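Okay, here's what each chain looks like letter by letter:
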Amino acid sequence: MNAHLPPVDTAVTAELVAALTPRLRKRLDAGVAKVAGRPAVRDGDVVRVAVDDDTDLELHAPAGVVASADAIRCGCLLAPDCLHRAAAASAAPVADPAQSAPAAPAEPPTTDPAQPPNADTTAPPTTDPAQPPAATAAPRAQGPAEPSDTDPAQPPPAAPRPSPTAPPPSSAVPQPAPGTATPEQRAAAVDLRDAAAAVLEAGTDGAGAVVQAELLRAAHTARLAGLPRAAGRAVSVVTALRAARSADPAYRLTDLAAALRDVLATAHRLPDAVGQELSALRGSVRQPYTPNGSLRLYGLFSEPVLTATGYAGAVTWTADATGTLYTVSDVAPGGAGRATGAADRGVRIGDTTLTHRELSRAGLVVSGATVSPTGRLGAGAGVRAVRASGAAWHAEPLDRLWAVPVAEQVSRALTTDQDLLFLDVTLTGTVREAAGECLLADCAGLTLRLAAAHDDPALPHRDNLRLLADAPGARLRLVARLTPAPFPRALLLAVSHPTDPGARVDLGLDRLRRADLPAPVPPAAVPAPDIDEAPVHLLRRRVHQAASGGRRVLAFPGGGAADGPRLRRQGLATAGELLDALHAAATDRGRDPFGRLLPADAGRFARAWLAAAVYTEEIDRALCAAAWGARAQGPATR
């Protein structure tokens, strides 16, 4: 993916790839790699790419997004039926649908940390669609998320597989039976299921631009049919695939597996879903903002946002006197430079001149406040805000956040959208994981692993973690984001200053110095955690291998034959059965009367993989709750 190219709408990419001849489709991935490696020059709303000495590509993005196929122009002799236009669309970032969707009734601007500042969309909810959604949690501010898809303010097309760029008909939207999916939504779910199954069949290496375009076409159809949540997760799959194929350091296999699971689970459950479950599976197009009167807020911390989809900025977390969390954000298209620089920009609320860095340590009085269900503060014309005094973490009212028992905080994080933890710890050492070094800390008698929240070298997370590792025995108050695992683990976001408890350090924005560290104090001996006693990792590993390498990775003779019996011996009979079913679906290949292998049943393999992925997620939550001494009450709503 070439981050210097303007974002391209999903329908544009799907149309250009679909128009290619079979011969050109075979050459598309090589064309994408060539275009992605060429420099891009911006001239106003036009971005030019010199493919070679004689051929220039032009991408016209008058609103910041390439919204039609005609907006990509090529100077080669075969244009417009050439390979270059489809390659450019496939090499560019996927557009946030909020930027290219038709206008909708005005709403207060959202402050979603992964949305452009003026977008009014919301990230699609990430409730596990294979389970009934739990009760709605109390409003809170949500952490960074992928840019979401939105439903245009147009009725869905009547045909189940419309042309990607055909405008929706002007007739009224057909009304389904109360509480059931529309025929268009059912057809869109089938498209999503087939396209996601093709991705799972191929794996990251095989899911080239053609497979990605088919999933983008399915996402566009789902958006028109009123399924913004599924459409957004499908776009997340494409983004993760492109990051994997380009060796992007921001790529995470767990993110790809989670997005694939969500798309398949939504497609699987939607035809039979009713009521609240159906509403959760459809997702919401726009965040409803409601008046909330006046608020007295106290800054907690700021964190940088740097997404794989090309958005960057900062989010500042605040709390009121009751401990309810709210966020203010500034996120727009950009890279690591914008993520580090946004902290010194003024916050986008009222007439305040506070920067995000200042707000994280100060306070804010807001009148005429509008708040989304997830605690995002609106920045409409009627909102007024002025600076006020802040509060230290050890002073009221912020101190009450750390007074909540740890087990109660973890239970809340596992069952609601509120995944922040407020902990008092003593550093005890370090431990090495596959992704890098983690801090070990004693937290209320538990051995906690604290990992860096982001690995991008432009952000100081990892450097600060290494410095804190040289301060064993230091007692810190911190804010972290829970990571479900069979042992206590969290991502470190902010800490009290090691030598000045009244100050705080935002680990993604501020850089610690060695002079900030206290003299090392030998900590009390803390036993190393005994992790993975229940070998769920055997099933999780196969789920991730399939998402990365495709079905063929699990089809090798003898691969993982002993894992199923081992899971059963450990009392995980269901996990063993799911693993055996996954291997059986991967290796099942019939033969025709001449002895030739028939195509694999991609649908059966996708269903077996989905069952294993959903089970793994739920048992991870249960083991995480047990490790923290918390209760896991039903499926997570995140």
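What counts and how
- Here, residues in each chain are numbered from 1, in the same order as that chain's written sequence.
- Only residues with pLDDT of at least 70 are given local features in this predicted model, and only at 80 or more are side-chain atom pairs given and counted; all residues enter the totals for whole chains, interfaces and linings.
- Only hydrogens and water are removed before side-chain values are computed, so all heavy atoms of the structure are retained for them.
- Each helix is a run of H or I in the DSSP string that is no shorter than four residues. Each strand is a run of E no shorter than two, and both are numbered from the N terminus.
- Only protein chains enter the accessibility calculation, which uses a 1.4 Å probe. A residue is then buried if its area is under 20% of the maximum for its type, exposed if over 50%, and partly exposed in between.
- Contact between two residues is taken to exist if any of their heavy atoms lie within 4.5 Å; hydrogens are not considered.
- Computed with a 1.4 Å probe, the accessible areas rest on the Shrake-Rupley method; for each residue, only the protein chains presented here act as cover.
- Here a polar contact means two N or O atoms within 3.5 Å. Within protein one must be a hydrogen donor candidate and the other an acceptor candidate, and residues neighboring in sequence count only if both atoms are side-chain atoms.
- Note on geometry: axes are lines fitted to C-alpha atoms, helical ones only across the stretch in contact, with angles between N-to-C directions running from 0 to 180 degrees.
- Orientation labels follow simple angle bins: below 35 degrees gives roughly parallel, above 145 gives roughly antiparallel, 65 to 115 gives roughly perpendicular, and whatever is left gives oblique.
- For any pair of crossing helices, the crossing counts as left-handed if the nearer helix is rotated counterclockwise from the farther one by less than a right angle, and right-handed if it is rotated clockwise.
- Under this grouping Gly is polar, as are all residues other than the nonpolar Ala, Val, Leu, Ile, Met, Phe, Trp, Tyr, Cys and Pro and the charged Asp, Glu, Lys and Arg.
- Strands qualify as paired when DSSP identifies two bridges or more between them.
- pLDDT runs from 0 to 100 and stands for how confident the predictor is about each residue.
- In these notes, a set of buried Ala, Val, Leu, Ile, Met, Phe, Trp, Tyr and Cys residues joined through side-chain atoms within 4.5 Å is what counts as a nonpolar core.
- To count toward a patch, a residue needs a relative accessible area above 30% and no salt bridge. Like charges then connect within 9 Å, nonpolar side chains (Val, Leu, Ile, Met, Phe, Trp, Tyr) within 5 Å.
- When a carboxyl oxygen of Asp or Glu is within 4 Å of a side-chain nitrogen of Lys or Arg, the pair counts as a salt bridge.
- Positive residues here are Lys and Arg, negative ones are Asp and Glu, while His and the chain termini are left out of the count.
- Charge positions come from single atoms, namely NZ of Lys, CZ of Arg, CG of Asp or CD of Glu.
- Each aromatic pair joins two rings of Phe, Tyr and Trp (for Trp, the six-membered one) with centres within 6.5 Å, and gets the label stacked for planes under 30 degrees apart, edge-to-face for over 60, and tilted for any other angle.
- A helix is expected to span 1.5 Å for every residue after the first.

## Quick look at the overall build of the chain
Next up, step 1: Within the chain one finds 20 helices and 17 strands.
Next up, step 2: Expressed as a percentage of the 638 residues in the chain, the buried residues total 54%.
Next up, step 3: Pairs at least 24 residues apart make up 68% of the contacts formed inside the chain by residues separated by at least 6 positions.
Next up, step 4: Accessible surface, the chain as shown: approximately 25,400 Å² in total, 54% of it carbon and sulfur.

## Let's talk about the environment of Phe 556
Next up, step 1: Along the chain, the position of Phe 556 falls in the loop between helix H17 (551-554) and helix H18 (563-569).
Next up, step 2: A sequence separation of 30 residues divides Phe 556 from Ala 586, and the C-alpha atoms of the two residues are 8.9 Å apart.

## A word on the side chain of His 583
Next up, step 1: Looking at the element boundaries, His 583 is found in helix H19 (residues 573-587).
Next up, step 2: A residue is classified by how much of its surface remains accessible, and His 583, at 12% relative accessible area, is buried.
Next up, step 3: Among the polar contacts made by the side chain of His 583, one reaches the main-chain carbonyl oxygen of Leu 554 at a distance of 3.4 Å.

## Describing the packing of helix H16 (residues 537-549) against helix H20 (residues 602-628)
Next up, step 1: The interhelical angle for the contact between H16 and H20, taken along N-to-C directions, is 135°, at an axis separation of 10 Å. Classified by the angle their axes make, H16 and H20 are oblique. Along this stretch, H16 crosses H20, giving a crossing that reads as left-handed. In this structure, H16 uses Leu 539, Arg 540, Val 543, Ala 546 and Ala 547 to contact H20, whose residues at the interface are Phe 605, Trp 609, Ala 612, Ala 613, Tyr 615, Thr 616 and Asp 620.
Next up, step 2: A breakdown of the residues in the contact of H16 with H20 according to their chemical character gives 9 nonpolar, 1 polar and 2 charged.

## Some remarks on the sheet that holds strand E2 (residues 46-52)
Next up, step 1: Taken together, the 4 strands give an open sheet; going across it, the order is E1-E2-E3-E4, and neighbouring strands pair in antiparallel fashion. With one partner strand each, in any of the chains shown, strand E1 (40-43) and strand E4 (72-74) form the two edges of the open sheet. Averaged over all pairs of adjacent strands, the angle between their axes in this sheet comes to 20°, without regard to strand direction.
Next up, step 2: Pairing geometry for E2 and strand E3 (residues 55-60), over 6 bridges, is antiparallel. Bridge pairing links Asp 52 to Thr 55 in E3.

## A closer look at the confidence of the model for the chain
Next up, step 1: Here the chain shows a mean pLDDT of 82. Residues at 70 or above account for 82%.
Next up, step 2: Between residues 101-177, whose pLDDT stays under 50, and residues either more than four places distant or in other chains, the model counts 230 contacts.

## Quick word on the nonpolar core
Next up, step 1: One finds Leu 192, Leu 215, Val 237, Leu 260, Phe 605 and Trp 609 to be the most contacted residues of the largest nonpolar core, which totals 64 residues.
Next up, step 2: Elements with a contribution of two residues or more to this core: helix H6 (183-206), helix H7 (209-224), helix H8 (228-245), helix H9 (253-269), helix H10 (275-282), H16, H19 and H20.
Next up, step 3: Discounting chain neighbours no more than four positions away, the residues touching Phe 605 are Leu 200, Ala 546, Arg 551, Leu 554, Leu 582, Ala 585 and Ala 586.
Next up, step 4: Of all hydrophobic cores here, the second largest spans 35 residues; its members include Val 406, Leu 439, Leu 465 and Ala 469.

## A word on the sheet that holds strand E7 (residues 311-319)
Next up, step 1: One open sheet holds the 5 strands; their spatial order is E8-E7-E6-E9-E11, and the pairing between them is antiparallel. Lying at the two open borders of the sheet, with one neighbouring strand each, are strand E8 (325-333) and strand E11 (384-388). Strand-to-strand twist across the sheet, computed as the mean angle between neighbouring axes with direction ignored, equals 35°.
Next up, step 2: In this structure, strand E9 (residues 363-367) lies alongside E11, joined through 5 bridges in antiparallel fashion. Bridge pairing in E11 links Gly 363 to Ala 388.

## Some thoughts on a negative patch on the surface
Next up, step 1: The grouping of Asp 52, Asp 53, Asp 54 and Asp 56 at the surface amounts to a negative patch.
Next up, step 2: Mapped onto the elements of the fold, Asp 52 is located in strand E2.
Next up, step 3: The exposure class assigned to Asp 52 is partly exposed, which follows from its relative accessible area of 31%.

## Remarks on the packing of aromatic side chains
Next up, step 1: For the structure on display, the rule yields 3 aromatic pairs.
Next up, step 2: Between the aromatic rings of Phe 301 and Trp 317, the centroid separation amounts to 6.0 Å while the plane-to-plane angle is 10°, which identifies the pairing as stacked. With Phe 301 in strand E6 (residues 295-306) and Trp 317 in strand E7, this residue pair connects regions lying 16 residues apart in the sequence. Residues Phe 301 and Trp 317 agree in their burial class; the two are buried.
Next up, step 3: Look at Trp 393 and Trp 402: their rings are 5.0 Å apart centre to centre, the planes differ by 35°, and that puts the pair in the tilted class.
Next up, step 4: A relative accessible area of 3% places Trp 393 in the buried class.

## Here's the deal with unusual backbone geometry
Next up, step 1: Here the amide bond leading from Ala 79 into Pro 80 is cis, since omega sits at 10°, within 30 degrees of zero.
Next up, step 2: Among the secondary structure elements, Pro 80 is positioned in the loop between E4 and helix H4 (83-91).
Next up, step 3: Look at Ala 247: it is not a glycine, yet its phi comes out positive at around 55°.
Next up, step 4: The class for Ala 247 is exposed, based on a relative accessible area of 64%.

## What to know about H9
Next up, step 1: Between its first and last C-alpha, H9 extends 24 Å over 17 residues, near the 24 Å set by a 1.5 Å rise per residue.
Next up, step 2: Within H9, 12 of the 17 residues are buried, which leaves the element mostly enclosed by the surrounding structure.
Next up, step 3: Taken as a whole, H9 has its buried residues at Leu 256, Ala 257, Ala 258, Ala 259, Leu 260, Arg 261, Asp 262, Val 263, Leu 264, Ala 265, Thr 266 and Ala 267.

## Notes on the pattern of salt bridges
Next up, step 1: Counting across every chain of the model gives 35 salt bridges.
Next up, step 2: Taking the shortest distance from any N to any O, the salt bridge between Asp 194 and Arg 193 comes out at 3.3 Å.
Next up, step 3: With relative accessibility at 41%, the residue Asp 194 sits in the partly exposed group.
Next up, step 4: For Arg 489, the salt bridge is made with Glu 433, and the minimal N-O distance between the two is 2.8 Å. Separated by 56 residues along the polypeptide, Arg 489 in strand E16 (residues 489-496) and Glu 433 in strand E12 (residues 420-433) bring together distant segments of the chain. Residue Arg 489 shares its accessibility class with Glu 433, and that shared class is buried.

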